[in-house]
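# Observations on the three-dimensional arrangement
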Amino acid sequence: MAPPQGPRAPLEFGGPLGAAALMLLLPATMFHLLLAARSGPARLLGPPPYLPGLEMLWSPWALFLCLAWLGLQAALYLLPARKVAEGQELKDKRRLLYPINGFQALVLTALLVGLGVLARLPLGALPEMLLPLAFSATLIAFVGSLLLYLKALVAPASALAPGGNSGNPVYDFFLGRELNPRICSFDFKYFCELRPGLIGWVLINLALLMQEAELRGSPSLAMWLVNGFQLLYVGDALWHEEAVLTTMDIIHDGFGFMLAFGDLAWVPFTYSLQAQFLLYHPQPLGLPGASVICLINAVGYYIFRGANSQKNTFRKNPSDPRVADLETIPTATGRQLLVSGWWGMVRHPNYLGDLIMALAWSLPCGVSHLLPYFYLLYFTALLVHREARDEQQCLQKYGLAWHEYCRRVPYRIMPYVY
Ligand SMILES: NC(=O)C1=CN([C@@H]2O[C@H](COP(=O)(O)OP(=O)(O)OC[C@H]3O[C@@H](n4cnc5c(N)ncnc54)[C@H](OP(=O)(O)O)[C@@H]3O)[C@@H](O)[C@H]2O)C=CC1
Ligand SMILES: CC(C)CCC[C@@H](C)[C@H]1CC=C2C3=C(CC[C@@]21C)[C@@]1(C)CC[C@H](O)C(C)(C)[C@@H]1CC3
């Protein structure tokens, strides 16, 4: 068994107690949202409309569907890739290899689903199964994290995540002990981060759109917008798959319950909340309103993509002509920090773009209910917390240079506000 690592990283998420509370609170919130979306009052706050019995949650058929979905995505992951990318350097100086074929997986899944629909696959029946599917996904995330935790107990110390090896089993189970758990070249965290959950999310959205068409003759404009915006977001993530290799989830966080549940259950079943809400609460939306919402999404996407691409291009090759003229601050590590362009506006311009898009995803649901704005509220909290974690990590990495960056670029996410 690997001994806990040298100097212990400070505990995050409120330590073991916070981790235990989140393990209960996150699934409970997800089920609350699923139940509220289909209830008449659709209340975000307040008690759930009813408490589902085990017979409403547990279904062997739903478990089979979830496992089949994971199996399909794993098979697509193993197909030959257009590119194999190198990850960041690890503590033992190695670099892991990652297949770049996520967008191919999305296209092949779309083809398979299209063929299925032509062969009368009842995709419109999926919305009725969301509760048992979410329950099975949670079960899979729980059992999967347990197996990963046990695997990590025999992993070498160099394979452990900086934050997930405190020695407290609850905390480590939640955050994940091992940084890059793999069997041969199959990387569990990288696989789960982008494929089953994100592609599952757009599939659920599509099923909700088809069900709406069945119920009301055609999908509403609001449902088209939500589907279109979120498909763009998922397509973009898979097209720029290589960029995920520099996110804190891949570089810093272990693969434990937080990411397993987040990737496999939370993303597909709560990120599709707007489409769920629209199926049960149709909203009128005219062309002028839709055009304004499209503009908001386009502005958000422009900032999000511009900022992420600028940083990725700069990190890959600082002399690339697209970024070579930008002003930078040198750091003791030899790396530089951008202080002009998007990254001179605020310290996390990509978060700002993401939040503007989150607003555009909720607006088609009207303003009569708070429920479809849950994603915007949750996402603001997630990004504010994530920004604080990243700030801590950057301060450790870059010391005085980071202080200088903060002095030159005082706002974190929103200029003149935060
Ligand atoms: N939809 C969702 O649920 C979620 C979406 N996201 C999105 O994922 C994307 C990635 O987010 P995340 O991984 O949190 O963070 P970022 O992509 O913002 O990466 C932060 C890192 O960027 C580098 N960096 C910071 N400032 C500068 C600078 N001025 N110049 C150069 N490099 C800099 C640092 O790493 P280094 O110096 O080591 O390169 C820092 O650790 C974002 O667009 C976010 O909105 C994130 C979480 C959830
Ligand atoms: C359940 C908890 C509250 C926490 C779980 C958080 C996870 C759901 C998110 C952590 C980082 C994520 C990212 C994306 C999805 C959500 C999770 C897994 C991301 C794949 C979405 C698409 C983006 O384009 C991205 C930049 C690739 C994102 C990377 C981070």
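As a reminder, the structure under discussion sits directly above these lines.
Residues numbered from 1 in each chain as written. Chains lettered and ligands numbered in written order. Predicted model: local features only at pLDDT ≥ 70, side-chain atom pairs only at ≥ 80, totals over all residues. Heavy atoms only, no water.

## Observations concerning unusual backbone geometry
Positioned with a positive phi, alanine 42 is a non-glycine residue whose angle comes to about 45°. Non-glycine residue arginine 120 carries a positive phi angle of around 65°. Mapped onto the fold, arginine 120 is located in the loop between helix H4 (102-118) and helix H5 (130-153). (Helix = DSSP H or I, 4+ residues; strand = E, 2+ residues; numbered from the N terminus.)

## Quick look at the site of ligand 2
Taken together, 15 residues lie near ligand 2, and Glu193, Ala237, Asp249, Asp263 and Arg386 sit nearest. For ligand 2, whose unbound accessible area comes to 630 Å², protein coverage reaches 86%. For the shell around ligand 2, the element with the most residues is helix H11 (residues 257-270), which contributes four residues. Classifying every residue of the shell around ligand 2 gives ten nonpolar, one polar and four charged. Each of domain 1 (16-39 + 56-282) and domain 2 (285-418) contributes no fewer than three residues to the shell around ligand 2. (Near = heavy atom within 4 Å. Areas by Shrake-Rupley, 256 points an atom, 1.4 Å probe, with all protein chains shown as cover. Nonpolar A, V, L, I, M, F, W, Y, C, P; charged D, E, K, R; others polar. Domains from an automatic or database assignment.)

## Quick notes on the site of ligand 1
Among the 26 residues in the neighbourhood of ligand 1, the closest are listed as Tyr271, Tyr351, Asp354, Arg386 and Tyr398. For ligand 1, an oxygen atom lies 3.0 Å from a polar atom in the side chain of asparagine 308. Across the complex, the protein chains shield 88% of the 920 Å² of accessible surface that ligand 1 would expose by itself. Among the elements of the structure, helix H13 (287-316), strand E6 (336-338), helix H14 (349-362), helix H15 (374-398) and helix H16 (400-408) are those that each provide at least two residues to the shell around ligand 1. Tallying contributions element by element places H15 first for the shell around ligand 1, with eight residues. Looking at which domains feed residues into the shell around ligand 1, each of domain 1 (16-39 + 56-282) and domain 2 (285-418) supplies at least three. (Polar contact = N/O pair within 3.5 Å; in protein donor to acceptor, adjacent residues only side chain to side chain.)

## A look at the pattern of salt bridges
Under the counting rule described, the total for this entry stands at 18 salt bridges. Ionic pairing is found between glutamate 241 and arginine 195, a salt bridge with its closest N-O pair at 2.6 Å. Of this pair, glutamate 241 sits in the loop between helix H9 (221-239) and helix H10 (248-251) while arginine 195 sits in the loop between helix H7 (188-194) and helix H8 (196-216), placing them 46 residues apart in sequence. Owing to a relative accessible area of 1%, glutamate 241 belongs among the buried residues under this scheme. Residue classification places arginine 195 among the buried positions, given a relative accessible area of 0%. In this structure, arginine 305 and aspartate 236 form a salt bridge, with 2.8 Å as the shortest nitrogen-oxygen distance. Here aspartate 236 lies in helix H9 and arginine 305 lies in helix H13, a separation of 69 residues in the sequence. In this structure, arginine 305 and aspartate 236 share a single accessibility class: buried. One connected set of salt bridges, linked through shared partners, spans Glu327, Glu404, Arg407 and Arg408. (Salt bridge = Lys/Arg side-chain N within 4 Å of Asp/Glu carboxyl O. Buried < 20%, exposed > 50% of the residue type's maximum accessible area, 1.4 Å probe, protein only.)

## A few points about empty space enclosed by the protein
On inspection of all chains with the given rule, the structure shows one cavity of 30 Å³ or more. As a volume, the largest cavity reaches approximately 40 Å³. As for the largest cavity, its lining consists of Leu34, Arg38, Leu130, Leu131, Gln276 and Tyr280. The residue inventory of the lining of the largest cavity, partitioned by class, reads four nonpolar, one polar and one charged. (1 Å grid on protein atoms, 1.4 Å probe; cavity = no way out; pocket = protein on both sides within 12 Å on 5 of 7 lines; lining within 4 Å. Points joined across faces, edges and corners; volume = space filled by probe spheres on them.)

## Details of the nonpolar core
One finds Met30, Phe269 and Leu371 to be the most contacted residues of the largest nonpolar core, which totals 109 residues. Each residue touching methionine 30, except ones within four places of it in the same chain, is listed here: Ala134, Thr138, Phe261, Ala265, Trp266, Phe269 and Thr270. Among the nonpolar cores identified, the runner-up in size contains 17 residues, and Ala307, Leu326, Ile329 and Trp342 belong to it. (Core = buried A, V, L, I, M, F, W, Y, C linked by side-chain atoms within 4.5 Å. Contact = heavy atoms within 4.5 Å.)

## Some points on the packing of aromatic side chains
Going through the model one piece at a time under the given rule, you end up with 33 aromatic pairs. Plain terms: the ring middles of tyrosine 271 and tyrosine 375 are 4.7 Å apart, the flat faces sit at 70° to each other, and that makes the pair edge-to-face. With a gap of 104 residues between them, tyrosine 271 in the loop between H11 and helix H12 (273-280) and tyrosine 375 in helix H15 connect regions that are remote in the sequence. Relative to tyrosine 405, the ring of tryptophan 402 lies with its centre 5.0 Å away and its plane at 65°, an arrangement referred to as edge-to-face. With tryptophan 402 and tyrosine 405 both in helix H16 and three residues apart, this pair spans about one turn of that helix. Its end group placed over the ring of tryptophan 239, arginine 82 keeps NZ or CZ at 5.9 Å from the ring centre. Arginine 182 extends its terminal NZ or CZ atom over the ring of tyrosine 98, reaching a point 4.9 Å from the ring centre. (Phe/Tyr/Trp six-rings, centres within 6.5 Å; stacked < 30°, edge-to-face > 60°. Lys NZ or Arg CZ within 6 Å of the ring centre and 35° of its normal.)

## Brief notes about the packing of helix H3 (residues 60-77) against H8
Orientation of H3 relative to H8, taken along the N-to-C sense of each, is 120°, at an axis distance of 10 Å. Viewed along their axes, H3 and H8 adopt a mutual orientation that is oblique. The element H3 and its partner H8 pack so that their crossing is right-handed. In this structure, H3 contributes Trp69, Leu70 and Gln73 to the contact, and H8 contributes Pro196, Ile199, Gly200 and Leu203. (Axes fitted to C-alpha atoms, helices over the stretch in contact; angles between N-to-C directions. Parallel < 35°, antiparallel > 145°, perpendicular 65-115°, else oblique. Left-handed = near helix turned anticlockwise from the far one by under 90°.)

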